[in-house]
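Residues per chain are reported as follows:
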Amino acid sequence: MNSIIVLIILCEVGFWVFIAAGLISRYVLKLPKVGMALLGATPLIDLILLIATGFDLARGSTATVPHAIAAIYIGVSLAYGKSMIRWADQRFAYYIAKQGEKPKKLYGREHARKEAKGWLQHLLAYIIGAGLLLAVIYWINDAGRTEALANVLRIWSIILGIDFLISFSYTLFPKKEKHAGS
């Protein structure tokens, strides 16, 4: 298995381990400062991935799809990280610590607004990830070594467009609450 893929998997596992440890520290062990420190440390995982990927490319590796996925991972982590932590915190507080309100399902305008916000986060992730991909393409300055990065960027651009259509379709066709028996 490609070492960059292994590193991406380890970073994803590390991200959720830091979140779980932070939430357990905060709610179970009653150590809110330790919990916040662990939750706040999650961007360090992105830094490790960025440095390792850059080092791999600097020593002459041809950029591959896993290198592109590393850039996407960093973009997604930075754009969605805070909201993913908030999502996990809310559910942990309610379902495990028995605190706070039950997370509610959204419908109508609220759901449409959430979907639009989600697309804007996707756009931010795309800007960060595409910026990293383009920076590497420029840095390496060898189309043969960066072809995979350019291909992934094209595919991600299409996915971003499809996500736009789906996300904003809820503005025109709001999600309706399902009623019992229907």
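Up top is the structure these notes are about.
The structure contained in this document is the topic of the report that follows. By convention here, each chain's residues receive numbers from 1 onward along its written sequence. Predicted model: local features are reported for residues with pLDDT of at least 70 only, side-chain atom pairs are reported and counted for 80 or more only, and whole-chain, interface and lining totals are derived from all residues. Side-chain numbers come from the whole structure's heavy atoms, not from hydrogens or water.

### Observations regarding the packing of aromatic side chains
This is how the line gets drawn: Here is the rule: rings of Phe, Tyr and Trp (six-membered ring for Trp) pair when centre to centre is within 6.5 Å. Planes less than 30 degrees apart are stacked, more than 60 are edge-to-face, and the remainder are tilted. Where helices and strands are cited, they refer to DSSP runs of H or I of at least four residues and of E of at least two residues respectively, numbered from the N terminus. Buried means the residue's accessible area, taken with a 1.4 Å probe over protein chains only, is under 20% of the maximum for its type, while exposed means over 50%, and partly exposed covers the values in between.
This model, assessed by the stated rule, comprises seven aromatic pairs. Look at Trp119 and Phe168: their rings are 5.9 Å apart centre to centre, the planes differ by 70 degrees, and that puts the pair in the edge-to-face class. Of the two residues, Trp119 is situated in helix α5 (residues 108–140) and Phe168 in helix α6 (residues 143–172); the sequence distance between them amounts to 49 residues. Between Tyr126 and Trp156, the ring centres sit 5.2 Å apart and the planes meet at 70 degrees, which makes this aromatic pair edge-to-face. Here Tyr126 is found in helix α5, whereas its partner Trp156 is found in helix α6, with 30 residues between them in sequence. We note that Tyr126, like Trp156, is buried. Within the aromatic cluster, the residues linked to one another by ring pairs are Trp119, Phe164 and Phe168.

### Some details on the nonpolar core
If you look at soluble globular proteins, the nonpolar side chains tend to sit buried side by side. Quick reminder of the rule: The nonpolar core is taken to be a set of buried Ala, Val, Leu, Ile, Met, Phe, Trp, Tyr and Cys residues, with the residues joined through side-chain atoms within 4.5 Å. Residues are treated as being in contact if the distance between any of their heavy atoms lies within 4.5 Å.
Core analysis: the biggest nonpolar cluster contains 19 residues, and Tyr126, Leu133 and Leu149 have the highest contact counts within it. Looking at this core, the elements with two or more residues in it are α4 (65–96), α5 and α6. No other element matches the seven residues that α5 contributes to this core. Leave out the neighbours within four places in its chain, and Leu149 touches Ala63, Thr64, His67, Ala68, Leu133, Val136 and Ile137. Of all hydrophobic cores here, the second largest spans 18 residues; its members include Ile45, Ala70, Ile74 and Ala88.

### A look at α6
Three- or four-residue spacings in an α-helix give side chains the same orientation, since the helix completes a turn every 3.6 residues. Using the following cut-off: How far a helix is expected to stretch is found by multiplying one less than its residue total by 1.5 Å. Bending is quantified residue by residue as the angle between axes fitted to the seven-residue window ending at that residue and the seven-residue window starting at it. Whenever a nitrogen or oxygen atom comes within 3.5 Å of another N or O atom, the pair is scored as a polar contact, on the condition that within protein one atom can donate a hydrogen and the other can accept it, and that pairs from neighbouring residues in sequence are kept only if both atoms are in side chains.
Over its 30 residues, α6 extends 42 Å from the first C-alpha to the last, a length consistent with the 44 Å expected when each residue adds 1.5 Å. Along α6, the helix axis deviates most sharply at Leu149, where the bend reaches about 25 degrees. Close packing links the buried residues of α6 with α4 and α5. By the N-cap criterion, in which a side-chain oxygen at the helix start approaches the backbone nitrogen of a residue two or three places on, α6 is capped by Asp142, the distance to Gly144 being 3.0 Å.

### Comments concerning a positive patch on the surface
The following threshold applies: Note that patches include only residues with greater than 30% relative accessible area and no salt bridge, and the join distances are 9 Å for like charges and 5 Å for nonpolar side chains (Val, Leu, Ile, Met, Phe, Trp, Tyr). Residue burial considers only the protein chains on display, and all accessible areas are found by Shrake-Rupley using a 1.4 Å probe. Salt bridges, as used here, are contacts in which a Lys or Arg side-chain nitrogen is within 4 Å of a carboxyl oxygen on Asp or Glu. Residues scored as positive are Lys and Arg, those scored as negative are Asp and Glu, and His as well as the terminal groups of each chain are ignored. Throughout, a charge is located at the NZ atom of Lys, the CZ atom of Arg, the CG atom of Asp or the CD atom of Glu.
Where like charges cluster on the molecular surface, the positive patch consists of Lys102, Lys105, Lys114, Lys175 and Lys178. Checked against the element boundaries, Lys105 lands in the loop between α4 and α5. We classify Lys105 as exposed; its relative accessible area is 66%.

### So, the side chain of Thr146
Relative to the helices and strands, Thr146 is located in helix α6. Once residues within four sequence positions are removed from consideration, Thr146 is found in contact with Ala63, Val136, Ile137 and Ile140.

### Re the environment of Leu38
Locating Leu38 in the fold gives a position in helix α2 (residues 32–40). What makes Leu38 partly exposed here is its relative accessible area of 23%. With sequence-adjacent residues up to four places away left out, Leu38 is seen in contact with Phe18, Ala21, Gly22 and Ser25.

Function-wise, these values are silent; they only describe arrangement.
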